[in-house]
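Take a look at the letters that make up each chain.
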Amino acid sequence: MTTTTHSQKYAGKLAVLYQDQGDVQLFQLLAERLGVPLHQALNSDSLEDFFLTWRDGCLKLLDKELLKKGGLAVDIEPRNGEQRSWPAPKDGALAQALGRKTRTVVDATTGWGQDSLHIFRMGYELLCIERSPVMAELLTDGFNRLAQQDWMLRLNLESPRLLQGNAIDLFANLEIPPDCIYIDPMFPPKRKKSALAKKSMMVLRDLLGDDQDKEQLFEAALNTAGKRVVVKSPDYADPLGGKPSQSFQGKLLRYDVYLKG
């Protein structure tokens with residue numbers, strides 16, 4: 001099987017799982033892109049902790065606990081409390097932080113894409129960046145499903161553009177500085193394996209680890225953004241870039257805004 005620069009990173013941690021459903025070639029190509037094994041069956045001796053597979057019409061990430069429960073996929077449906085109209089009203093702490101005069105946004109740490117999709121549904125022009133090849137595969141699948149939604153087709157909308165790579169490097173290739181760069185780095189948890197932690201974030205942290213370069217990412221974002229940088233932080237964390245220009249409080253989190261000029 002073709003190896004890639006990712007194969008060492010995911011060695012022993014990740015495999016693609018094919019269980020006689022769908023086109024096996026899709027699974028083979030996914031395994032080759034990530035440089036990980038392809039399994040057609042699992043047993044108690046399987047070394048990997050995480051698996052990618054297509055189930056229920058979407059690409060899913062599983063750990064051994066989730067093998068029989070369905071798995072985790074990029075959810076393209078609005079969250080509870082979000083309006084389904086497009087564009088959705090620009091209200092709430094996130095919209096306040098992004099700014100009413102903001103038009104273009106780069107989400108530099110897309111992750112599971114929930115904030116990105118909320119930003120997209122509010123009508124901002126959005127570019128997504130994700131450095132994890134695994135998450136980029138999951139996001140690509142989610143954005144492809146989004147493009148096929150009736151309301152997207154009816155309004156002739158395109159899903160957000162996605163770039164896979166390190167945002168610090170990719171910022172240099174942006175033709176026009178975005179009005180706003182949005183950062184949601186992974187902070188160390190306040191309590192180890194908090195019972196409040198969502199399963200999706202626990203799996204992501206276990207697979208990818210914490211963001212060790214978030215300070216460098218913030219500096220690069222501040223140098224690149226046209227008008228502002230917004231940092232999403234848990235309420236217990238110190239501001240990433242020192243005292244912010246503004247701060248908007250959400251539930252158990254806050255959005256710190258750093259204005260330029």
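As a reminder, the structure under discussion sits directly above these lines.
The following paragraphs examine the structure supplied in this document. Everything numeric in this text was worked out from a predicted model, so none of it was measured.

Details of the side chain of Arg 145
Point 1. Within the secondary structure layout, Arg 145 lies in helix α5 (residues 133-147).
Point 2. Not counting chain neighbours up to four residues away, the residues in contact with Arg 145 comprise Gly 57, Cys 58, Ala 73, Val 74 and Ile 76.

Describing the pattern of salt bridges
Point 1. Counting across every chain of the model gives 8 salt bridges.
Point 2. For Lys 60, the salt bridge identified is with Asp 56, shortest N-O distance 3.0 Å.
Point 3. Residues Arg 131 and Asp 213 are paired through a salt bridge, measuring 2.9 Å at the closest nitrogen-oxygen approach. With Arg 131 in the loop between β6 (125-130) and α5 and Asp 213 in the loop between α8 (199-208) and α9 (214-224), this residue pair connects regions lying 82 residues apart in the sequence.

Focus: the packing of helix α2 (residues 24-34) against α5
Point 1. The interhelical angle for the contact between α2 and α5, taken along N-to-C directions, is 145 degrees, at an axis separation of 10 Å. In this structure, the crossing between α2 and α5 has a hand that is right-handed. For the pair formed by α2 and α5, the contact residues are Leu 30, Arg 33 and Leu 34 on the first element and Pro 133, Val 134 and Glu 137 on the second.
Point 2. Looking at the contact of α2 with α5 residue by residue, the class counts come to 4 nonpolar, no polar and 2 charged.

Structural notes on the packing of aromatic side chains
How two aromatic rings sit relative to each other is given by the distance of their centres and the angle of their planes.
Point 1. Tallying each qualifying case throughout the model produces 4 aromatic pairs.
Point 2. Between Tyr 18 and Phe 27, the aromatic rings sit 4.8 Å apart at their centres with planes inclined by 65 degrees, giving edge-to-face as the arrangement.
Point 3. Take Phe 27: its relative accessible area is 2%, and that puts it in the buried class.
Point 4. Ring centres of Tyr 182 and Tyr 255 lie 6.5 Å apart, and the angle between their planes is 35 degrees; on these two criteria the pair is classed as tilted. In this pair, Tyr 182 is assigned in strand β8 (residues 180-183) and Tyr 255 in strand β11 (residues 253-259), connecting sequence segments 73 residues apart. Accessibility assignment for this pair places Tyr 182 and Tyr 255 in one class, buried.
Point 5. Here Lys 90 stacks its cationic end above the ring of Tyr 124, 4.8 Å away from the centre of that ring.

Observations concerning the layout of surface pockets
It is a probe the size of a water molecule, rolled over the atoms, that shows where empty space is left.
Point 1. Approximately 520 Å³ is the volume attributed to the second largest pocket.
Point 2. Lining the second largest pocket are 23 residues, and of these Thr 104, Glu 125, Leu 126, Leu 127 and Arg 161 lie nearest its centre.
Point 3. Only β5 (104-107), β6 and β7 (161-164) provide two or more residues apiece to the lining of the second largest pocket.
Point 4. In the lining of the second largest pocket, the residues fall into 13 nonpolar, 4 polar and 6 charged.

What to know about the sheet that holds β11
Point 1. With mixed pairing, 7 strands are arranged side by side in an open sheet as β7-β6-β5-β8-β9-β11-β10. Two strands bound the open sheet, and with one partner strand each, they are β7 and β10 (246-250). Averaged over all neighbouring strand pairs, the angle between strand axes comes to 20 degrees, with direction disregarded.
Point 2. Bridge analysis of β8 against strand β9 (residues 228-234) gives 4 bridges, and the strand direction is parallel. Of the residues in β9, the one forming a bridge with Cys 180 is Arg 228.
Point 3. Along the sheet, α9 contacts β8, β9 and β11; its crossing angle with β8, the most-contacted strand, is approximately 165 degrees.

Section: the nonpolar core
Grouped burial of nonpolar side chains is what soluble globular proteins tend to show.
Point 1. Among the nonpolar cores identified, the biggest contains 55 residues, and Leu 14, Leu 52, Leu 61, Leu 98, Val 134 and Leu 138 are the most heavily contacted of them.
Point 2. Per-element accounting of this core gives the leading share, 6 residues, to α5.
Point 3. Residues within four places of Leu 61 in sequence aside, it is in contact with Leu 14, Phe 50, Phe 51, Leu 52, Leu 66, Gly 71, Leu 72, Trp 112, Val 134, Leu 138, Val 203 and Leu 207.

Details of the sheet that holds strand β1 (residues 14-17)
Point 1. As summarised here, the arrangement of the 4 strands in space is β2-β1-β3-β4, forming an open sheet in which the pairing is mixed. Only two strands of the sheet have a single neighbouring strand rather than two, namely β2 (38-39) and β4 (58-63).
Point 2. Inspection of the sheet shows strand β3 (residues 50-55) paired to β4 by 6 bridges, in the antiparallel sense. Note on β4: the bridge partner recorded for Phe 50 is Asp 63.

Cut-offs and rules
Residues numbered from 1 in each chain as written. Predicted model: local features only at pLDDT ≥ 70, side-chain atom pairs only at ≥ 80, totals over all residues. Heavy atoms only, no water. Helix = DSSP H or I, 4+ residues; strand = E, 2+ residues; numbered from the N terminus. Contact = heavy atoms within 4.5 Å. Salt bridge = Lys/Arg side-chain N within 4 Å of Asp/Glu carboxyl O. Axes fitted to C-alpha atoms, helices over the stretch in contact; angles between N-to-C directions. Left-handed = near helix turned anticlockwise from the far one by under 90°. Nonpolar A, V, L, I, M, F, W, Y, C, P; charged D, E, K, R; others polar. Phe/Tyr/Trp six-rings, centres within 6.5 Å; stacked < 30°, edge-to-face > 60°. Buried < 20%, exposed > 50% of the residue type's maximum accessible area, 1.4 Å probe, protein only. Lys NZ or Arg CZ within 6 Å of the ring centre and 35° of its normal. 1 Å grid on protein atoms, 1.4 Å probe; cavity = no way out; pocket = protein on both sides within 12 Å on 5 of 7 lines; lining within 4 Å. Points joined across faces, edges and corners; volume = space filled by probe spheres on them. Pairing = 2+ DSSP bridges. Core = buried A, V, L, I, M, F, W, Y, C linked by side-chain atoms within 4.5 Å.

Any functional reading would require information that these geometric values do not contain.
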